[in-house]
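# Observations on the three-dimensional arrangement
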Amino acid sequence: MSELLLKQYDLVRKTREALFTFFESLPGDKLHVEMPGFGYPTIADTHLHVAGCYIHWLVKFAGIRPNAEFPSDEEINAADVAALRGWFNKSDAVVEEFLNANNGRLLEPIYNDTQGPVGFTPLWLMTHTMTHEFHHKGQIVTMARQLGYVPPDTDLIFPER
């Protein structure tokens, strides 16, 4: 089942790549324009939050290694497209490491004292992080539209033939 989740995650990465390509067409300062009404105020901050969510849930909560690295406020405030890609390269590696560590155990709960007596399965953790990314991707494309830009369709990536 880990192989299936890796294939599903690869589809998520392809939609993310469409977003990165769009970011490259924007003036760099647009990644840092504060937009009221969103949980994370800028495109860069929101996108880095998504990368951090993969790292939080799959490293810190699931405990696949002792330390989890997150973007600092300085990195968030200075992030360009290359920096965003760099953090998602880290989250991609985390996903692969997490799925390899939990191969054959995707339906066995992982417990962590931070969540009390609730256990989350690796399948739940992957589903949560991927749907979380799409939630925030919707916010990011809305921010871009409010800034006057037309983002590409990032919801549907056609399968390769």
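Keep in mind that what you see is a predicted model, and the values were worked out from it rather than measured.

### Remarks on the side chain of His132
- Residue position: His132 is located in helix 5 (residues 122-146).
- At 3.0 Å, the side chain of His132 and the side chain of His49 are in polar contact.

### Looking at empty space enclosed by the protein
- Overall, the coordinates contain one cavity of 30 Å³ or more when judged by the stated rule.
- Roughly 30 Å³ of internal volume is contained in the largest cavity.
- Its residues assigned to classes, the lining of the largest cavity comprises three nonpolar, one polar and three charged.

### Section: the packing of aromatic side chains
- All chains considered together, the criterion is met by nine aromatic pairs.
- The interplanar angle of 80° and the centroid separation of 6.3 Å between the aromatic rings of Phe20 and Phe23 together place this pair among those described as edge-to-face. One end of the pair is Phe20 and the other is Phe23, both in helix 1 (residues 2-25) and three residues apart, which spans about a single turn. Here Phe20 matches Phe23 in class, with each residue buried.
- When the centroid spacing of 4.1 Å and the interplanar angle of 25° are considered together, the rings of Phe120 and Trp124 count as stacked.
- Look at Phe120 and you get buried, because its relative accessible area is 13%.
- Of note, Lys90 hangs over the ring of Trp87, and the distance from its end group to the ring centre comes to 4.0 Å.

### As for the nonpolar core
- Counting residues in hydrophobic clusters, the biggest one holds 45 residues, and the most contacted among them are Phe23, Tyr54, Leu58, Leu84, Phe98, Leu125 and Met126.
- Listed by contribution, the elements that provide at least two residues to this core are helix 1, helix 2 (43-61), helix 4 (81-101) and helix 5.
- Residue contributions to this core peak at twelve residues, all from helix 2.
- Among all residues touching Leu58, those that are not within four sequence positions of it are Ile64, Val94, Val95, Phe98, Leu125 and Met126.

### Regarding the confidence of the model for the chain
- A residue-level look at the chain finds 95% of positions with pLDDT of 70 or above and a mean pLDDT of 91.
- At the low end of the mean pLDDT range in the chain sits strand 1 (residues 110-111), at 89; at the high end sits helix 5, at 96.

### Some details on the environment of Leu107
- Relative to the assigned elements, Leu107 resides in the loop between helix 4 and strand 1.
- Owing to a relative accessible area of 58%, Leu107 belongs among the exposed residues under this scheme.
- Between the alpha carbons of Leu107 and Trp124 there is a distance of 8.3 Å; along the sequence they are 17 residues apart.

### With respect to helix 5
- Helix length check: helix 5 (25 residues) gives 36 Å between terminal C-alpha atoms against 36 Å at 1.5 Å per residue, within 8%.
- Positive backbone phi, approximately 95°, marks Gly148, located one or two places after helix 5.

### A short note on helix 1
- The terminal C-alpha atoms of helix 1 lie 35 Å apart, and with 24 residues this matches the ideal 34 Å at 1.5 Å per residue to within 8%.
- Structurally, helix 1 contributes buried residues whose contacts are with helix 2, helix 4 and helix 5.

### Side note on the packing of helix 2 against helix 5
- Between helix 2 and helix 5, whose axes approach to 9 Å, the crossing angle comes to 175°. Considering the angle they form, helix 2 stands roughly antiparallel to helix 5.
- Residues of the contact of helix 2 with helix 5, tallied by class, amount to 14 nonpolar, eight polar and one charged.

### Considering the pattern of salt bridges
- Taken as a whole and judged by the stated rule, the model has ten salt bridges.
- In this structure, Asp10 engages Lys14 in a salt bridge whose closest nitrogen and oxygen atoms are separated by 3.6 Å. Of this pair, Asp10 and Lys14 both sit in helix 1, separated by four residues, roughly a single helical turn.
- Where Arg85 meets Glu17, a salt bridge forms, and the shortest distance between an N and an O atom there is 2.7 Å. Taken as a pair, Arg85 in helix 4 and Glu17 in helix 1 lie far apart in primary sequence, 68 residues in all.
- Overall, Arg85 belongs to the partly exposed group, its relative accessible area being 22%.
- With a relative accessible area of 33%, Glu17 lands in the partly exposed category.
- Residues participating in the shared-partner salt-bridge network are Asp10, Arg13, Lys14, Arg16, Asp92 and Glu133.

Thresholds, definitions, all that
Residues numbered from 1 in each chain as written. Predicted model: local features only at pLDDT ≥ 70, side-chain atom pairs only at ≥ 80, totals over all residues. Heavy atoms only, no water. Helix = DSSP H or I, 4+ residues; strand = E, 2+ residues; numbered from the N terminus. Polar contact = N/O pair within 3.5 Å; in protein donor to acceptor, adjacent residues only side chain to side chain. 1 Å grid on protein atoms, 1.4 Å probe; cavity = no way out; pocket = protein on both sides within 12 Å on 5 of 7 lines; lining within 4 Å. Points joined across faces, edges and corners; volume = space filled by probe spheres on them. Nonpolar A, V, L, I, M, F, W, Y, C, P; charged D, E, K, R; others polar. Phe/Tyr/Trp six-rings, centres within 6.5 Å; stacked < 30°, edge-to-face > 60°. Buried < 20%, exposed > 50% of the residue type's maximum accessible area, 1.4 Å probe, protein only. Lys NZ or Arg CZ within 6 Å of the ring centre and 35° of its normal. Core = buried A, V, L, I, M, F, W, Y, C linked by side-chain atoms within 4.5 Å. Contact = heavy atoms within 4.5 Å. pLDDT = per-residue confidence, 0-100. Expected span 1.5 Å × (residues − 1). Axes fitted to C-alpha atoms, helices over the stretch in contact; angles between N-to-C directions. Parallel < 35°, antiparallel > 145°, perpendicular 65-115°, else oblique. Salt bridge = Lys/Arg side-chain N within 4 Å of Asp/Glu carboxyl O.

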